[in-house]
Amino acid sequence: MIYELFVIGNKNIKLAKWILCNSAYELEAAAFTSFPEMLPIGPLSASNKLGDKPGSFWTEDSACLSWLDQQPACSVIYVAYGSFTVFDNTQFQELALGLELTNKPFLLVVRSDMTEDTGDFYPKGFKERIGSRGKIV
């Protein structure tokens, strides 16, 4: 289904005069130079909202920002797989254990439906072992 969506999108994109992107020229200059029909209008965030419509469907976890402020600059590993990724339980547990083994602070963004299983899909004792070194939102 996703493939078909991209095929249709690629056909329709040829009809567009402009392609609006949630980015900034300074962030992706090479892409915007290579594709002059792409127009950067961002980055857009919830703080750039119009009226009552937020920039995200998920509620914001403000505890995440205070946790990040307590970490040394450039020290946090950030992991977020977006809206489409679904892991099997083994893959997700390997990701979690890999983050644990880095011994570095990490921010892991997880959807409730990120794995095929429901319930607690973290390795046994994972949350206790990582303590405050990892933040899961």
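Residues numbered from 1 in each chain as written. Predicted model: local features only at pLDDT ≥ 70, side-chain atom pairs only at ≥ 80, totals over all residues. Heavy atoms only, no water.

### As for the nonpolar core
- Counting residues in hydrophobic clusters, the biggest one holds 13 residues, and the most contacted among them are Phe92, Phe106, Leu108, Val110, Tyr122 and Phe126.
- Secondary structure elements with two or more residues in this core: helix 4 (89-102), strand 4 (106-109) and helix 5 (126-130).
- In terms of residues, this core owes the most to one element, helix 4, which gives 4 residues.
- In this structure, leucine 108 is in contact with Val79, Phe92, Leu95, Leu99, Tyr122, Lys135, Ile136 and Val137, ignoring residues within four places of it in sequence. (Core = buried A, V, L, I, M, F, W, Y, C linked by side-chain atoms within 4.5 Å. Buried < 20%, exposed > 50% of the residue type's maximum accessible area, 1.4 Å probe, protein only. Helix = DSSP H or I, 4+ residues; strand = E, 2+ residues; numbered from the N terminus. Contact = heavy atoms within 4.5 Å.)

### Topic: the environment of lysine 17
- By the secondary structure assignment, lysine 17 is in the loop between helix 1 (2-13) and strand 1 (19-21).
- C-alpha separation for the pair lysine 17 and methionine 38, spaced 21 residues apart in sequence, amounts to 9.1 Å.

### As for the environment of glycine 42
- Residue position: glycine 42 is located in the loop between strand 2 (38-40) and helix 3 (63-69).
- Between the C-alpha atoms of glycine 42 and serine 23, which are 19 residues apart in sequence, the distance is 4.5 Å.
- In contact with glycine 42, not counting residues within four places along its chain, are Cys21, Asn22, Ser23 and Ala24.

### Looking at a nonpolar patch on the surface
- On the surface, Ile2, Leu5, Phe6 and Phe84 cluster together into a nonpolar patch covering about 460 Å² of accessible area.
- In this fold, isoleucine 2 is placed in helix 1. (Patch = residues over 30% accessible without salt bridge, like charges linked within 9 Å, V, L, I, M, F, W, Y side chains within 5 Å. Areas by Shrake-Rupley, 256 points an atom, 1.4 Å probe, with all protein chains shown as cover. Salt bridge = Lys/Arg side-chain N within 4 Å of Asp/Glu carboxyl O.)

### Overview of the pairing of strand 4
- Note: strand 3 (residues 77-80) against strand 4, 4 bridges, orientation parallel. Its bridge partner lying in strand 4, tyrosine 78 is registered against leucine 107.
- Once you follow strand 3 into helix 4 and on to strand 4, the crossover reads as right-handed.
- Two elements, strand 4 and strand 5 (residues 134-136), share 3 bridges in a ladder whose sense is parallel. Among the inter-strand pairings, leucine 108 is bridged to a residue of strand 5, identified as isoleucine 136. (Pairing = 2+ DSSP bridges. Right-handed = clockwise from strand over helix to strand, strands pointing away.)

### Brief notes about the side chain of glutamine 71
- Along the chain, glutamine 71 turns up in the loop between helix 3 and strand 3.
- In contact with glutamine 71, other than residues within four places in its own chain, are Val76 and Pro105.

### Comments concerning the confidence of the model for the protein chain
- When pLDDT is averaged along the protein chain, the result is 83, and 85% of the positions lie at 70 or above.
- Mean pLDDT across the secondary structure elements of the protein chain bottoms out at helix 1, with 85, and peaks at helix 5, with 94. (pLDDT = per-residue confidence, 0-100.)

### Digging into the sheet that holds strand 4
- Taking strand neighbours across the sheet as the criterion, the 3 strands line up as 3-4-5 in an open arrangement whose pairing is parallel. Every interior strand has two partners, whereas the edge strands, strand 3 and strand 5, have only one. Each strand of the sheet is rotated relative to its neighbour by a mean of 10 degrees, with strand direction disregarded. (Axes fitted to C-alpha atoms, helices over the stretch in contact; angles between N-to-C directions.)

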